[in-house]
Amino acid sequence: MVQLRLVAAAVAAGLLPTVTSAIGLHEAALAAGLEYFGSATDNGELSDSAYLTQLDNTADFGQITPGNSQKWDSTEPSQGSFSFTNGDVIADLADSNGQYLRCHTLVWHNQLPSWVTSGSWTNATLTAALRNHITNVVTHYKGRCIHWDVVNEALNEDGTYRTNIFYTTIGESYIPIAFAAAAAADPDVKLYYNDYNLEYGGSKAAGAQRIVQLVQNAGVKIDGVGLQAHFEVGTVPSRSSLVSVLNGFIALGVEVAYTEADVRIQLPTSATTLAQQAVDFGNLVGSCVDTAPDCVGFTIWDWTDKYSWVPSTFSGYGAALPWDENYVKKPAYNGLLAGLGAATSSSASATATSTTLTTTTTTSSSATSTSTGTAAHWGQCGGNGWTGPTACASPWTCTVINAWYSQCL
Ligand SMILES: *[C@@H]1O[C@H](CO)[C@@H](O)[C@H](O)[C@H]1NC(C)=O
């Protein structure tokens, strides 16, 4: 690894041509001062041996995250009855590969078993069930996780609390209660609040800052904020704008990480959208580099389009990850390497390489295929350098978030 760092430093200093044997994403992340580059995975995919071979490639992935098998419906399907079989498969894989494990997630409004969502709870009984769940799951994985996503997606887009069984029954104190239970069960694991659409700043990021302070003011440990980074191509803020959002959290005394990154494209893809995707990924990971070591790592929400959650969730969209369905690297792979300051890989498609290298330190919006039409709810509709749509689909209004970003709200 020392030699790799020297090579990366020499490349960055212009001392070597950028045709040296390419380093991988995790190696480049380490050279850039991050703790890891990683990927989510899931149990069903592990029987695909070609998939598994690349997931095991620690040049690219120094960390893995179980996509589903540590969630409440998997780990406590009926009250007081715990099942860790699937989660353990992923944890054991991380161990045997020497990869970090990001553990995900303890308290979320989705993928809850019906005994939780349909139970008749009082404040006291649900608090006890919440504590029991967290205590058992965190104790089971004690010493094996670098992070736990303790509370996931507790906010509405306007920064108010999402209505879920925990909030309506316990109130906002369910959040510090959850963090306290996790801290008691494993004092060494870093405890995260994790959410999406925090990357734009604005009301939702302010809500997440409020959650950090709520937990801190309760005298309870919170170590980090996870920014999921689920994006549509062309809507990723500029690198400098992302940096200021990350710094807003870091100023509260917590670390940050990108935890579920993907950049979906309306199908079919084109050379233009694939090039923009490379720029978008480069700006995302670049903002983490710019705030390292407080930004500790970057996780993509699986690595191949073959197993992405996007097509089944966003109709007409896909191609959201750095490798295609046939496990061929897309321009996004080089976009990530460029954002990490590393030499790009000659085995990836060269289409976007020059675009990526020349634009990652400026803005993400120099090339976009969406220069006409209207932006969807939550989409970008303005900001310095923005050449995309400036009108919003009804009934949304284009709202200035900062000089670099206006959003349809
Ligand atoms: C539930 O109980 C907790 C104390 O455990 C308290 O802080 C909170 O305000 C209560 N919530 C409601 C809705 O009464």
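Residues numbered from 1 in each chain as written. Predicted model: local features only at pLDDT ≥ 70, side-chain atom pairs only at ≥ 80, totals over all residues. Heavy atoms only, no water.

Participant: Any chance you could explain the side chain of Asp302 here in plain terms?
Facilitator: Along the chain, the position of Asp302 falls in the loop between strand S9 (295-300) and helix H13 (310-313). Buried charge without a salt bridge: Asp302, with Lys306 as the nearest opposite-charge side chain at an N-O distance of 11 Å. Polar contacts involving the side chain of Asp302 include one to the side chain of Tyr51, which spans 2.7 Å. If we skip the residues at most four places from it in the chain, Asp302 touches Ser39, Ala40, Thr41, Asp42, Glu45, Tyr51, Tyr307 and Leu321. (Helix = DSSP H or I, 4+ residues; strand = E, 2+ residues; numbered from the N terminus. Buried < 20%, exposed > 50% of the residue type's maximum accessible area, 1.4 Å probe, protein only. Lys, Arg positive; Asp, Glu negative; His and termini not counted. Salt bridge = Lys/Arg side-chain N within 4 Å of Asp/Glu carboxyl O. Polar contact = N/O pair within 3.5 Å; in protein donor to acceptor, adjacent residues only side chain to side chain. Contact = heavy atoms within 4.5 Å.)

Participant: I tried to follow the site of the ligand on my own but got confused; where do I start?
Facilitator: Near the ligand you find Asn123, Thr169, Ile170 and Ser173, and these make up its full shell. Within the side chain of Asn123, a nitrogen or oxygen atom sits 2.5 Å from an oxygen atom of the ligand. Protein contact buries 38% of the 360 Å² of open area that the ligand shows by itself. Taken together, the residues that form the shell around the ligand break down as one nonpolar, three polar and no charged. (Near = heavy atom within 4 Å. Areas by Shrake-Rupley, 256 points an atom, 1.4 Å probe, with all protein chains shown as cover. Nonpolar A, V, L, I, M, F, W, Y, C, P; charged D, E, K, R; others polar.)

Participant: How should I be thinking about the state of the cysteines in this particular structure?
Facilitator: Cysteine pairs can be covalently joined through their sulfur atoms, and such a bond is termed a disulfide. Enumeration over the complete set of coordinates arrives at two disulfides. Each sulfur in the disulfide pair Cys103 and Cys145 lies 2.1 Å from the other. Note on the Cys103 and Cys145 pair: the S-S dihedral is about -80 degrees, so by sign convention the disulfide is left-handed. Residue Cys103 is found in strand S3 (residues 100-107), and its partner Cys145 is found in the loop between helix H7 (123-140) and strand S4 (147-152); the two are separated by 42 residues along the sequence. The class for Cys145 is buried, based on a relative accessible area of 9%. (Disulfide = S-S within 2.5 Å.)

Participant: Which parts of the structure should I look at to understand the nonpolar core?
Facilitator: It is characteristic of soluble globular proteins that their nonpolar side chains tend to be buried jointly. One finds Trp148, Val151, Ile175, Phe179, Phe249, Phe298 and Ile300 to be the most contacted residues of the largest nonpolar core, which totals 98 residues. Counting residues per element, this core draws most heavily on helix H9 (residues 174-185), which supplies nine residues. If you look at the next biggest cluster of nonpolar residues, it comprises five residues, including Tyr36, Ile146, Tyr192 and Val296. (Core = buried A, V, L, I, M, F, W, Y, C linked by side-chain atoms within 4.5 Å.)

Participant: Please explain helix H12 (residues 271-290) as it appears in this structure.
Facilitator: Spacing of three or four residues puts side chains on the same side of an α-helix, whose turn is 3.6 residues. With 20 residues, H12 extends 28 Å between its outermost C-alpha atoms, agreeing within 8% with the 28 Å of an ideal straight helix rising 1.5 Å per residue. Of all 20 residues in H12, 16 are buried; the element is thus mostly enclosed. (Expected span 1.5 Å × (residues − 1).)

Participant: Explanation requested: the packing of aromatic side chains in the structure shown.
Facilitator: The geometry of two aromatic rings is summed up by the distance between their centres and the angle between their planes. Taken as a whole and assessed by the stated rule, the structure comprises 19 aromatic pairs. Ring plane angle 65 degrees and centroid distance 6.1 Å describe the contact between Trp72 and Trp115, whose orientation is recorded as edge-to-face. One end of the pair, Trp72, is in helix H4 (residues 72-75); the other, Trp115, is in helix H6 (residues 114-117), with 43 residues separating them in the sequence. Here Trp72 and Trp115 have matching classes, each one buried. Taking 5.7 Å as the distance between ring centres and 85 degrees as the angle between the ring planes, the aromatic pair formed by Tyr200 and Phe231 counts as edge-to-face. Placement of the pair is Tyr200 in the loop between strand S5 (190-195) and helix H10 (202-217) and Phe231 in strand S7 (residues 230-232), with a sequence separation of 31 residues. The two residues Tyr200 and Phe231 agree in class, both being buried. Taken together, the ring pairs in this structure connect Phe37, Tyr51, Phe61, Tyr258, Phe298, Trp303, Tyr307, Trp323, Tyr327 and Tyr333 into an aromatic cluster. In this arrangement the basic side chain of Arg102 is found over the ring face of Tyr192, its NZ or CZ atom lying 4.9 Å from the centre. A cation over an aromatic ring shows up here: Arg210 above the ring of Tyr161, its NZ or CZ 4.8 Å from the ring centre. (Phe/Tyr/Trp six-rings, centres within 6.5 Å; stacked < 30°, edge-to-face > 60°. Lys NZ or Arg CZ within 6 Å of the ring centre and 35° of its normal.)

Participant: Is there a simple way to explain the pairing of S9 in this structure?
Facilitator: Successive residues of a regular strand alternate their side chains across the two faces of the sheet. Counting buried positions along S9 yields six of six residues, so the element is predominantly enclosed. Bridge count for strand S1 (residues 36-41) against S9 is four bridges, and the pairing is parallel. Looking at S9, one finds that Phe37 is bridged to Phe298. Pairing analysis gives three bridges linking strand S8 (residues 255-266) to S9, with the strands arranged parallel. Looking at S9, one finds that Val256 is bridged to Cys295. After leaving S8, the chain enters H12 and then returns to the sheet as S9, a path that is right-handed. (Pairing = 2+ DSSP bridges. Right-handed = clockwise from strand over helix to strand, strands pointing away.)

Participant: Would you take a moment to explain the pattern of salt bridges for this structure?
Facilitator: Any two side chains of opposite charge can pair, on the condition that their charged atoms come close. Under the definition given, this model contains ten salt bridges. With a closest N to O distance of 2.9 Å, Glu255 and Lys190 form a salt bridge. Within this pair, whereas Glu255 is found in strand S8, its partner Lys190 is found in strand S5, the two being separated by 65 residues in sequence. Linked through salt bridges whose partners overlap, the residues forming this network are Asp92, Asp95 and Arg144.

Participant: Any chance you could explain the pairing of S5 here in plain terms?
Facilitator: Counting buried residues in S5 gives five out of six residues, a clear majority hidden from the surface. Where S4 and S5 come together, five bridges link them in parallel fashion. Counted as the bridge partner of Val151 is Tyr193 from S5.

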